[in-house]
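# A structural walkthrough
Listed below are the residues making up each chain.
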Amino acid sequence: MKPLKIKIVSFKKGVHPRDDGKSLSRSSAIRTAPLLERYQVIVGQNIGLPPRVVVKAGEEVKKGQLLAEPSGFVSAALHSPTSGKIEGIIDIPGPMGIPAEAISILADGKDEWGELPPPLDWQTVSGETLKARIQECGIVGMGGAAFPSHVKLSPPPEKKVDCMIINGAECEPYLTADHRVMLEETEKVLLGAAILGKAAGVKNTVVAIEVNKADAIEALLARSGEYRVGVVGMKVQYPQGAEKQLIYAVTGRKVPTGGLPADVGCIVQNVGTAVAVADAVTGGVPLIERVTTITGEPVVTPGNWRLKVGTPVVEALKLAGGVKRDPGKLILGGPMMGFAQRSTDVPVMKNTSGILLLDKAAISQYQASPCIRCGRCVDGCAMQLLPSPLSCMIEADRFQDAYENNVMDCIECGSCSFACPARRPIVQQIRRAKAEIRNSLNHKKK
Amino acid sequence: MGSTIFLSAVVLIGIGLILGAAIGVVYKFFEVPVDPRVELLLELLPGVNCGGCGRAGCADFARALIGGEAAPAKCPVASQEVVAQLAQVLGVEIGRAAKQVAVILCGGDLTHAKGQMLYNGVDDCISASQVAGGPKGCRYGCLGMGSCARACPFEAIGIVNGLAVVHNEYCVGCGKCVDVCPRGLVKLVPVDAKVHIYCKSPEKAPAKMKVCDIPCIGCRKCVKAADEGQFTVNGFLVEVNYGDYPRPDVIEKAKCPKNCLQTCRGHEEFEYGKSIGESA
């Protein structure tokens, strides 16, 4: 492979899994899933307030019709993934293990579009119009957090934002959805990036990509001039795509403790979000489908699929040919930060970047042993914390000490647990400490 | 040679006398008056510093007793005789505080509650409840990771077959376990209330029956069998009214179809002081 002619940047520390599993689905082109009989759209998909449902059971809906309207500023609209009839609003297994309210739609097979908002000429309309369209089309961060995109684009006026970073790092092992999107929908990614830059009113817009996606970098470089979007290469290191790490790698700025990217003049959006924005602005298409990687060793034909929001995971797995052997674990998202599921009835959501099955042998079933002070977690911590002493403090219920040692800065990327030869569940302990500390802080406020 | 030893001895004894006199003077003039009753009370109090009285420890409680801010019966650990002795030392009334014990309102042990996943993480209830809603199917039930048992200063809680149970004889009702349960299943009840409904799930009966063999399905057989007001019905969940609790014979009369109406049980199965280790 010939060397790339771009700057390669990185954050400090981090880990890299030797076999990142991306080869399973890297070369499989995006395929569009056939129409299913039934879709179940979870109402509370975004961070913030869940939207207000505006349809009733028995009602006929068209594809792209509004199902739920935003109930506040930090809230995103929901649209029907296909045309059909609303069966009802029911409780289904949610992605966090607790039942979630969902709108069940029985498809009529026609997949007919309803009335869509008119296309906008993004170069002439104002940033506010673009933001309003992004909210209207229900666009949220598609990298995993599902934070409503229009909120990110509207930082407080006293904070000067000068840099829009489009996150194409895809540093999670196994996932290849963003990679395929950048390769196959290069133009939409760049167009979306330019629109996002215009909406936020920033001068510099860059797409940042890990160098293991050299073909995507080349494809983007070839066209980036037309849209005045920069391309930056990044070292293959986890968690390169985490917001704070990405900002440090690209700009050298450090987001302060408890701060947001806007505090250092940056906004980060995922490449999937950029494509959705391009569709929403130039075609009025709401966010009703996304590219998801269905992968893992037990999957017969791992690949990248364009799935409608609301597709049950069990149906998605059928698309990938089912499973070869009994899997040990089902994860939505990547193996490092995704959420383990207990039911295959969970539907695909706007932020489901991957459906991952892991073999029984791949799951750690070791008993945690005492810390041997090797310091590998310290070398791996992307936030430059000291995970080993934190872990020991939390084990002894010393939450105040953990708080003073900045446990709240942890981004829960999992590098420390990954690196730990004693198999200590450090991230889980830190999550517990954060919950305990938040509880006691709430108590104090009262 | 001899004179050197003599001289040093004289100097040291001299210094000793001077400093001793100084200490004596300081002790006399800077004396902090301590109520002699504090010592006496501390000898009577259990000395475990559990905090069940709401004070920082036994010494703090003793000071509060002398200051008249607390009544002797506020100590949940002390026996009736000790409380009487405390009152005698102070020359006050015993004060009224019904002795309480903790009860964990879930009957879903590993035999009765269906598990939904294999949990392989931190042995702690809060951690377990954060992972996909916890290892058991019922998201209101006892997680059985023993956070309450570890919090108990008297080792009165044990994990028997994946379920936390309280040993009535060891429980003093200090209430330390109440706050640590992420499911809020621990309740302090009067020691004489012997009948409990071991379920706290507000879900609909069919949903509960899917994940547990012994849930309260809200059939109200117990309500009919008992006097009025002894149970309160709350949707699909019946709760014992601990202000006016039913007598144990209600169990016989009610014929609870799901066996969630029971007296305290399970505690016979755990050995005092070895409660957590063997469960793992």
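Every residue gets a number counted from 1 within its own chain, in the order that chain's sequence is written. All chains are assigned letters beginning at A, and all ligands numbers beginning at 1, according to the order in which they are written. In keeping with the predicted nature of the model, local features appear solely for residues at pLDDT of at least 70, side-chain atom pairs appear and are counted solely at 80 or more, and the whole-chain, interface and lining totals rest on all residues.

## Let's talk about the overall build of chain A
- Regarding its fold elements, chain A presents 13 helices and 18 strands.
- Around each residue's C-beta, the other C-beta atoms within 10 Å are counted; 20 or more make the residue buried, 12 or fewer make it exposed, and counts in between make it partly exposed. All C-beta atoms are placed from the backbone. Counting only residues that meet the buried cut, chain A has 50% of its 446 residues in that class.
- Considering only contacts in chain A between residues 6 or more positions apart, those separated by 24 or more positions represent 72%. Numbering of helices and strands runs from the N terminus, with a helix taken as a DSSP run of H or I at least four residues long and a strand as a DSSP run of E at least two residues long. Contacts are defined on C-beta atoms placed from the backbone: any two residues whose C-beta positions lie within 7 Å are in contact.

## Some points on the domain arrangement of chain B
Residue and element names in this part refer to chain B.
- Where each domain begins and ends is defined by an automated method or by a domain database. Each domain of chain B was delimited in the assignment, giving domain 1 (36–90) and domain 2 (100–267).
- One C-alpha centre belongs to domain 1, the other to domain 2, and the line joining them spans 32 Å.
- Contact residues are listed per partner, giving six residues for domain 1 and seven residues for domain 2.
- When grouped by side-chain class, the residues that make up the side of domain 1 that touches domain 2 number four nonpolar, two polar and no charged. Classification used: nonpolar for Ala, Val, Leu, Ile, Met, Phe, Trp, Tyr, Cys and Pro, charged for Asp, Glu, Lys and Arg, polar for all others including Gly.

## Quick word on the interface of chain B and chain A
- Between chain B and chain A, the residue contacts involve 13 residues of the former and 14 residues of the latter.
- The residue makeup of the side of chain B that touches chain A, split by class, is five nonpolar, six polar and two charged.

## Observations concerning the packing of helix H2 (residues 36–44) of chain B against helix H3 (residues 58–66) of chain B
Residues and elements named next belong to chain B.
- Angles here are taken between N-to-C directions and fall from 0 to 180 degrees, while the axes themselves are lines fitted to C-alpha atoms, restricted in helices to the stretch in contact. In contact at an axis separation of 9 Å, H2 and H3 are set at 125 degrees when each is read in the N-to-C sense. Classed by the angle they form, the pair H2 and H3 counts as oblique. Crossing hand, H2 versus H3: right-handed. Counted together, Arg-37, Val-38, Leu-41 and Leu-42 of H2 and Cys-58, Ala-59, Ala-62, Arg-63, Leu-65 and Ile-66 of H3 form the full contact between these two elements.
- Within the contact of H2 with H3, the residues separate by chemical class into eight nonpolar, no polar and two charged. For this classification, under 35 degrees means roughly parallel, over 145 means roughly antiparallel, 65 to 115 means roughly perpendicular, and everything else is oblique. Handedness of a helix crossing follows the sense of rotation of the near helix relative to the far helix, less than a right angle counterclockwise being left-handed and clockwise being right-handed.

## Comments concerning the sheet that holds strand S12 (residues 230–234) of chain A
Residue and element names in this part refer to chain A.
- What the five strands build is an open sheet, ordered S1-S12-S11-S10-S13; its pairing is parallel. Here the strands that pair on one side only, and so sit at the sheet edges, are strand S1 (8–9) and strand S13 (266–270).
- Paired strands, in this sense, are two strands between which DSSP finds at least two bridges. Taken together, the five bridges between strand S10 (residues 163–168) and S13 define a ladder with parallel strand orientation. Residue pairing for S13: Asn-167 is matched across the bridge by Asn-270.
- Strands S10, strand S11 (204–210) and S13 of the sheet are contacted by helix H4 (residues 186–200), whose axis makes an angle of about 140 degrees with S11.

## Description of the pairing of strand S16 (residues 329–332) of chain A
All names here are of chain A.
- Bridge count between S16 and strand S18 (residues 354–358): four bridges; the pairing is antiparallel. Of the residues in S18, the one forming a bridge with Ile-331 is Leu-356.
- The sheet contact formed by S16 and strand S17 (residues 339–340) spans two bridges and is antiparallel. Bridging across to S17, Ile-331 finds its partner in Ala-340.
- Between S16 and S17, which pair antiparallel and follow one another directly, the connecting turn spans six residues, one of which, Gly-333, has a positive phi of 100 degrees.

## So, the sheet that holds strand S4 (residues 52–53) of chain A
All names here are of chain A.
- As summarised here, the arrangement of the three strands in space is S4-S6-S7, forming an open sheet in which the pairing is antiparallel. The open sheet has two edge strands with one neighbour each: S4 and strand S7 (78–79).
- As judged from the two bridges shared by S4 and strand S6 (residues 66–69), these two strands associate in the antiparallel manner. By the bridge assignment for S6, Val-53 is matched with Ala-68.

## Let's talk about the packing of H2(B) against helix H4 (residues 80–90) of chain B
Residue and element names in this part refer to chain B.
- Close contact between H2 and H4 brings their axes to 10 Å; oriented N to C, the two are set at 175 degrees. In terms of axis orientation, H2 runs roughly antiparallel to H4. Residues Arg-37, Leu-40, Leu-41 and Leu-44 of H2 touch H4, and the partners they reach there are Val-82, Gln-85, Leu-86 and Val-89.
- Grouping the amino acids of the contact of H2 with H4 by side-chain chemistry returns six nonpolar, one polar and one charged.

## Description of the nonpolar core
- As used throughout, a nonpolar core is a set of buried Ala, Val, Leu, Ile, Met, Phe, Trp, Tyr and Cys residues joined through C-beta atoms within 7 Å of each other. If you look at the biggest cluster of nonpolar residues, it comprises 119 residues, and the most contacted ones within it are Ile165(A), Val189(A), Ile195(A), Ala208(A) and Val277(A).
- Per-element tally for this core: the top contributor is H4(A), with nine residues.
- Counting only domains with at least three residues in this core, you end up with domain 1 (8–12 + 131–283) and domain 2 (376–445) of chain A.
- Residues contacting Val189(A), with those up to four places away along its chain left out, are Val181(A), Met182(A), Val207(A), Leu220(A), Val271(A), Ala274(A) and Val275(A).
- The next biggest cluster of nonpolar side chains, apart from the first, holds 57 residues, and it includes Leu105(B), Cys106(B), Cys212(B) and Ala254(B).

## Thoughts on the environment of Lys85(A)
Residue and element names in this part refer to chain A.
- By the element assignment, Lys-85 lies in strand S8 (residues 84–93).
- Residue classification places Lys-85 among the partly exposed residues on the basis of 15 C-beta atoms within 10 Å.
- On a C-alpha basis, the gap between Lys-85 and Ile-105 in space is 5.7 Å, while along the polypeptide they are 20 residues apart.

## Examining the environment of Asp379(A)
- As for its position among the elements, Asp379(A) is in helix H9 (residues 376–380).
- Placed 97 residues apart in sequence, Asp379(A) and Thr282(A) show a C-alpha to C-alpha distance of 45 Å.

## Focus on helix H10 (residues 387–395) of chain A
- For H10(A), every residue scored as buried is listed here: Pro387(A), Ser388(A), Leu390(A), Ser391(A), Met393(A) and Ile394(A).
- Note on H10(A): the residue one or two positions beyond its end, Asp397(A), has a positive phi of about 60 degrees.

## Describing the confidence of the model for chain B
All names here are of chain B.
- Scored between 0 and 100, pLDDT is the confidence that the predictor attaches to each residue. In this model, chain B carries a mean pLDDT of 83, and residues with pLDDT of at least 70 account for 92%.
- Confidence scores differ between elements of chain B, with strand S8 (residues 261–263) showing the lowest mean pLDDT of 80 and helix H1 (residues 2–29) the highest of 93.
- Scoring the predicted complex yields pTM 0.81 and, for the interface, ipTM 0.71.

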